[in-house]
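Analysis of the macromolecular model
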Number of protein chains: 2
Amino acid sequence: MVTDHRRLRQNIGVAVDNCIFTVLEGCLQVLLIQMKRGPFEDRWALPGGLVEDGEALDAAAARILREQTGVSHVYLEQLYTFDGRKRDPYNRVVSVAYFSLVPPGGVELQTTEKYRAVRFWNLDRRPRPLAYDHEDILTYAQKRLQSKVQYTNVMFSLLPSKFTLSELQSAYETVLKRSLDKRNFRKKVLSLGLVEASGERATGGRHRPAMLYRFENTQPEVVEVF
Amino acid sequence: MVTDHRRLRQNIGVAVDNCIFTVLEGCLQVLLIQMKRGPFEDRWALPGGLVEDGEALDAAAARILREQTGVSHVYLEQLYTFDGRKRDPYNRVVSVAYFSLVPPGGVELQTTEKYRAVRFWNLDRRPRPLAYDHEDILTYAQKRLQSKVQYTNVMFSLLPSKFTLSELQSAYETVLKRSLDKRNFRKKVLSLGLVEASGERATGGRHRPAMLYRFENTQPEVVEVF
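Residues numbered from 1 in each chain as written. Chains lettered and ligands numbered in written order. Predicted model: local features only at pLDDT ≥ 70, side-chain atom pairs only at ≥ 80, totals over all residues. Heavy atoms only, no water.

Some thoughts on the packing of aromatic side chains
Residues and elements named next belong to chain A. Counted by the stated rule, this structure contains 17 aromatic pairs over all chains. Arranged with centres 4.6 Å apart and planes meeting at 35°, the rings of Tyr80 and Tyr140 form a pair that is tilted. Note that Tyr80 is positioned in strand β5 (residues 77-82) and Tyr140 in helix α2 (residues 134-151), a separation of 60 residues in sequence. What links up through ring pairs into an aromatic cluster is the set Tyr80, Phe82 and Tyr140. Cation over ring: Arg119 sits above Trp121, and NZ or CZ is 3.6 Å from the ring centre. (Phe/Tyr/Trp six-rings, centres within 6.5 Å; stacked < 30°, edge-to-face > 60°. Helix = DSSP H or I, 4+ residues; strand = E, 2+ residues; numbered from the N terminus. Lys NZ or Arg CZ within 6 Å of the ring centre and 35° of its normal.)

Structure below.
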């Protein structure tokens, strides 16, 4: 990478966009904002915006997410950089996409003056197409999520700290969009050391309450789950 | 991501940098260029440079690699975007890093007027520190490579189309920087369906020539190797 000390002659902007996923009522959901003005008025979009000159990319992603949706303190992982040649009608803006999995109900949304609405949408029933090139970003993020749950322990960030194995299986089934064999699933997650019994049991229900489990490791690690 | 039709007020440049790895004589090597002028005169760097306004990021990575080193027709995979706040003494330039594994001797290097030299360096004996933030990029790329060989079939791009199991094991040992048990290694790669016998045998040597193998799939795929 070679530049000199003259001002850059490029005319390419740098933005960040956030794909925030959760699982609610057996559906994979994504956080979207509805635009109030501009070329995409009324369309829905991923929360995102331009990076400030002295601002780190990660910090920009966190700031913009907080400003636009009220969501803070989530672990944002850089996903991919989209080249933006087709994305913005007025300027070329490359977008560094981030993604995160959050527990259902684990974030509190705030609508701001700048947008019509902020909410999670079921991926299958969300408004389309999204603004800019956000369809491409969301498609990529969903694939990466499906891939990541298969070879890492990332699912920990979607679940409460303690959960039943049925809840865990249901979360995997929702993200992967397929059903899993109950017996094999339990054998797998326990033999892998992905989760461990907490010693506590769920409350409520008519039957004997199910055992509650927790993730053995809540730092990101590579684990071949499927 | 929200912009309007005024010219962007940001002053952030967008560059690409390429980490091209190979394995030669049991060493992991990386392709570097030596700067001829500018603030990093005589220092070594990853081949990289500024993206043109209308140019796709992937295309820029391929063009710059070709222009600076003569290397073309390699599969460049986007790695990570570095935020460049500390990287360039004159301008902030975010860098989209790409990486590739190439077979030893599979690329022909050309030195151009613009650089003093172009060559592969053993990672352990390369000149340091590299220019800009290229130490950070190279460290990240090496980690990603070590991780990727463990859960994908990416090693196919490092080896010739046919190879012995000893050559395959040696390539893994070089990238992972640890020795592997020969019997377990063979059992693993064969049972996984990662490689298959080609039916041919290596030539030369005093003993019975070893069987030549090939990768079953030379499209990128997830395979838990270790």
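Focus: the packing of α2 of chain A against helix α3 (residues 165-176) of chain A
Residue and element names in this part refer to chain A. The interhelical angle for the contact between α2 and α3, taken along N-to-C directions, is 145°, at an axis separation of 9 Å. Contacts from Leu145, Gln146, Val149 and Gln150 of α2 reach α3 at Tyr172, Val175 and Leu176. Taken together, the residues of the contact of α2 with α3 sort by class into five nonpolar, two polar and no charged. (Axes fitted to C-alpha atoms, helices over the stretch in contact; angles between N-to-C directions. Contact = heavy atoms within 4.5 Å. Nonpolar A, V, L, I, M, F, W, Y, C, P; charged D, E, K, R; others polar.)

Looking at α3 of chain A
Residues and elements named next belong to chain A. End to end, α3 covers 16 Å across 12 residues, agreeing with the expected 16 Å (1.5 Å per residue, within 8%). Taken together, the buried residues of α3 touch β1 (13-24), β2 (27-35), α2, α4 (182-191), β8 (195-201) and β9 (211-215). In the stretch just after α3, Lys177 is the one whose phi turns positive, near 60°. (Expected span 1.5 Å × (residues − 1).)

Focus: the nonpolar core
Judged by nonpolar contacts, the single largest core of 55 residues is most densely connected at Val14 and Val16 of chain A together with Val14 and Val16 of chain B. Setting aside residues up to four positions removed in sequence, Val16 of chain A forms contacts with Pro47, Gly48, Gly49, Val51, Leu57, Ala60, Ala61, Ile64, Ser95, Val96 and Tyr98 of chain A. Core analysis: the next-biggest nonpolar cluster, separate from the first, contains 43 residues, Leu46, Leu158, Val175 and Val225 of chain A among them. (Core = buried A, V, L, I, M, F, W, Y, C linked by side-chain atoms within 4.5 Å. Buried < 20%, exposed > 50% of the residue type's maximum accessible area, 1.4 Å probe, protein only.)

Quick look at the pairing of strand β6 (residues 93-101) of chain B
Successive residues of a regular strand alternate their side chains across the two faces of the sheet. Residue and element names in this part refer to chain B. Counting buried positions along β6 gives nine out of nine residues, so the element sits mostly inside the fold. Judged from the nine bridges that link them, strand β1 (residues 13-24) and β6 form a sheet pairing that is parallel. Looking at the pairing, Asn18 lines up with Tyr98 of β6. Relative to β6, strand β5 (residues 77-82) runs antiparallel, the two sharing five bridges. Paired with Gln78 across the bridge in β6 is Tyr98. (Pairing = 2+ DSSP bridges.)

Description of unusual backbone geometry
All names here are of chain A. A cis amide bond links Arg128 to the next residue, Pro129, at an omega of -10°. By the element assignment, Pro129 lies in the loop between β7 (115-122) and α2. Positive phi is not limited to glycine here, since Tyr132 has a value of about 50°. Within the secondary structure, Tyr132 sits in the loop between β7 and α2. On the basis of relative accessible area, Tyr132 is assigned to the buried category, the value being 10%.

Considerations on the environment of Gln142 of chain A
Position of Gln142 of chain A relative to the elements: it lies in helix α2. As a C-alpha pair, Gln142 of chain A and Leu28 of chain A span 114 residues in sequence and 9.5 Å in three-dimensional space.

Some points on the side chain of Thr22 of chain A
Residue and element names in this part refer to chain A. Following the sequence through the fold, Thr22 ends up in strand β1. One polar contact links the side chain of Thr22 to the main-chain carbonyl oxygen of Val102, over a distance of 2.7 Å. The residues touching Thr22, leaving out its near neighbours within four places in the chain, are Cys27, Leu28, Gln29, Val102, Pro103, Pro104, Phe120 and Leu158. (Polar contact = N/O pair within 3.5 Å; in protein donor to acceptor, adjacent residues only side chain to side chain.)

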